[in-house]
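# A look at the structure
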Amino acid sequence: MIWRNPLAWFGLLTLAVPLAVHLLARRNPERRRFPTLRFVPATPPLSARWSRLSDLPLLALRLLILAVPTAALAGPLLESRTPAPLTHRVVLVDTSASMGAARDEALARAAELAADPAAPALVVPTARPGAALAGAA
């Protein structure tokens with residue numbers, strides 16, 4: 001896999017924002033009246049806020065809302081291990097009298113295209129390109 005814009009992964013730093021909001025959100029405990037406290041020893045209240053995360057699905061959704069667009073902006077490009085399909089190119093060169101002096105230039109350019117090893121081409125010089133077009137296809 002190739003990433004067309006790998007610097008976009010720095011956008012994952014934005015995941016710290018919902019994580020901080022989720023962890024630092026104040027959840028005040030509910031105060032309830034208890035009938036008698038004379039048998040319970042007095043202890044200072046303990047903060048249990050950091051002991052465990054709550055609302056994990058909500059946190060995961062918040063993080064996903066930022067992570068998925070960040071990955072999309074990075075531009076994933078999947079490479080295939082199978083070879084590319086073989087394509088054929090046919091270059092029809094009009095050699096009729098109407099081409100005049102451009103005929104030699106067109107033949108030279110067609111020869112350059114045929115010599116390209118990445119995508120070789122078959123050059124078909126013809127005085128009747130309309131008739132040769134059906135044969136090329």
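As the structure is a computational prediction, the values presented were derived from the model and not from experiment.

## Observations regarding the side chain of His22
- Mapped onto the elements of the fold, His22 is located in helix α1 (residues 16-24).
- In this structure His22 comes out as buried when scored by relative accessible area, which is 3%.
- Within the structure, the side chain of His22 is placed 3.3 Å from the side chain of Arg62, a separation counted as a polar contact.

## Points about the packing of aromatic side chains
- Inspection of every chain in the model, using the stated rule, returns one aromatic pair.
- When the ring of Trp3 is compared with that of Trp9, the centres are 4.9 Å apart and the planes differ by 85°; the resulting orientation is edge-to-face.
- Taking relative accessible area as the criterion, Trp3 reaches 30% and is therefore assigned partly exposed.
- For Trp9, a relative accessible area of 29% corresponds to the partly exposed category.

## Describing the side chain of Ser96
- For Ser96, the position within the fold is in the loop between β3 (89-94) and α3 (102-115).
- Only 2.8 Å separates the side chain of Ser96 from the side chain of Asp94, close enough to count as a polar contact.
- Beyond its immediate chain neighbours, meaning those up to four positions away, Ser96 contacts Arg103, Thr126 and Ala127.

## Describing the environment of Ala97
- With respect to the helices and strands, Ala97 occurs in the loop between β3 and α3.
- Each C-alpha atom, one on Ala97 and one on Ala127, is 7.9 Å from the other, the two residues being 30 residues apart in sequence.

The rules behind these values
- Chains are numbered independently. Their residues run from 1 in the order of the written sequence.
- Totals for whole chains, interfaces and linings use every residue, but because this is a predicted model, local features are given only for residues with pLDDT of at least 70 and side-chain atom pairs only at 80 or more, for both listing and counting.
- Just so you know, side-chain values use all the structure's heavy atoms and leave hydrogens and water out.
- Starting at the N terminus, helices and strands are each numbered in turn, a helix being any DSSP run of H or I of at least four residues and a strand any DSSP run of E of at least two.
- A simple rule labels every residue: compare its accessible area, found with a 1.4 Å probe on the protein chains alone, to the largest value its type can have, and call it buried under 20%, exposed over 50%, or partly exposed in between.
- Nitrogen and oxygen atoms within 3.5 Å of one another constitute a polar contact, given that in protein one can donate a hydrogen and the other can accept it, and given that sequence-neighbouring residues count only through two side-chain atoms.
- Only Phe, Tyr and Trp rings take part, Trp by its six-membered ring, and two of them pair if their centres are within 6.5 Å. Stacked means planes under 30 degrees apart, edge-to-face means over 60, and tilted covers everything else.
- For this analysis, residues touch if any pair of their heavy atoms sits within 4.5 Å.

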